[in-house]
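Given next are the chains, with one letter for each unit.
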Amino acid sequence: MCGRFALTLPNDAMARLFAAAPANDLPDTPDYNICPTNRIHTVTSGPEGRRLGAMRWGFIPHWYKTPTDGPLLINARAETIAEKPAFRSACRDRRCLIPASGLYEWTKGAEGGRLPWYITHADDSPLAFAGIYQDWGQGEDRVTTCAIVTCPANTPMQALHARMPVILDPGDWPLWLGEAGHGAATLMRPAPEDALTFWRVDRAVNSNRASGADLIAPIED
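These lines cover the structure that appears in this document, whether it is placed above or below. (Residues numbered from 1 in each chain as written. Predicted model: local features only at pLDDT ≥ 70, side-chain atom pairs only at ≥ 80, totals over all residues. Heavy atoms only, no water.)

**Brief notes about the nonpolar core**
Nonpolar side chains in soluble globular proteins generally cluster together in the buried interior.
Step number 1: In this structure, Phe5, Phe129, Ile132, Val149 and Trp176 are the most contacted members of the largest nonpolar core, which totals 66 residues.
Step number 2: When residues no more than four places from it in sequence are discounted, the contact partners of Val149 are Ala76, Ala78, Ile81, Ala130, Gly131, Ile132, Met164, Pro165, Val166, Trp176 and Met188. (Core = buried A, V, L, I, M, F, W, Y, C linked by side-chain atoms within 4.5 Å. Buried < 20%, exposed > 50% of the residue type's maximum accessible area, 1.4 Å probe, protein only. Contact = heavy atoms within 4.5 Å.)

**Some remarks on the packing of aromatic side chains**
Step number 1: In the structure shown here, the tally under the stated rule is eight aromatic pairs.
Step number 2: Measuring from centroid to centroid gives 5.6 Å for Tyr118 and Trp199, while their planes differ by 55 degrees, and the two rings are tilted. Pair noted here: Tyr118 is in strand β9 (residues 114-121) and Trp199 is in strand β13 (residues 196-200), with a separation of 81 residues, a long-range link.
Step number 3: Put simply, the rings of Tyr104, Trp106, Tyr118 and Trp199 pair up and form one aromatic cluster.
Step number 4: In this arrangement the basic side chain of Arg95 is found over the ring face of Trp176, its NZ or CZ atom lying 5.4 Å from the centre. (Phe/Tyr/Trp six-rings, centres within 6.5 Å; stacked < 30°, edge-to-face > 60°. Helix = DSSP H or I, 4+ residues; strand = E, 2+ residues; numbered from the N terminus. Lys NZ or Arg CZ within 6 Å of the ring centre and 35° of its normal.)

**Focus: the pattern of salt bridges**
Step number 1: Evaluation of the coordinates by the stated rule reveals seven salt bridges.
Step number 2: Salt-bridge contacts for Asp12 lead to Arg16; the nearest nitrogen and oxygen are separated by 3.9 Å. Of this pair, Asp12 and Arg16 both sit in helix α1 (residues 11-17), separated by four residues, roughly a single helical turn.
Step number 3: Looking at Asp12, the relative accessible area reads 46%, which means it is partly exposed. (Salt bridge = Lys/Arg side-chain N within 4 Å of Asp/Glu carboxyl O.)

**Thoughts on unusual backbone geometry**
Step number 1: Here the amide bond leading from Thr29 into Pro30 is cis, since omega sits at 5 degrees, within 30 degrees of zero.
Step number 2: You can see Pro30 is positioned in the loop between β2 (21-22) and β3 (31-34).
Step number 3: With phi around 50 degrees, Ala19 is a residue other than glycine that occupies positive phi space.
Step number 4: We classify Ala19 as exposed; its relative accessible area is 59%.

In structure tokens form, the structure reads like this:
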């Protein structure tokens, strides 16, 4: 599951990191509380090279009459992505990278409350989630939408949730983006056991309206 994340890299730094030409209408950063249906940064690859652009987070299958015609598809399970009618074409032909600095997950407290955790690379380097995308609508209603690919959690992450995003190392970006031939399915696996670190953060992030760097600051349990 990945339902909320943060991105602190400036747009020009992202463009350099991914060797991608930036679009003119990128979302502002930093953003410490990126939520479903927000416009998010994505990296795609085409005949003219890589492009850093923006897509709506929440995949809309082509048969939806309206964006709310069915469930909000923010994640796509790696185990079934090649079989699900909503995702199978996209996982073959329309894959992207979704930059992030970290993500949030929740556990239950002793009294049943939601306790938020912030998860990031152990070496503090940026994350790149595996994503898929789909154009939906026509004319002024046309929008490009995406979902984050998830897989079973590695052992440390199982303390927080049974699933985690597929996180791609820089050496795997060309294969996921379709630049290095076939075999992208082999990348849909949990991150190495020592790749991530996490800590408790304030419950303020439980609100999708919360903002600011304090959202990722460690707190005592």
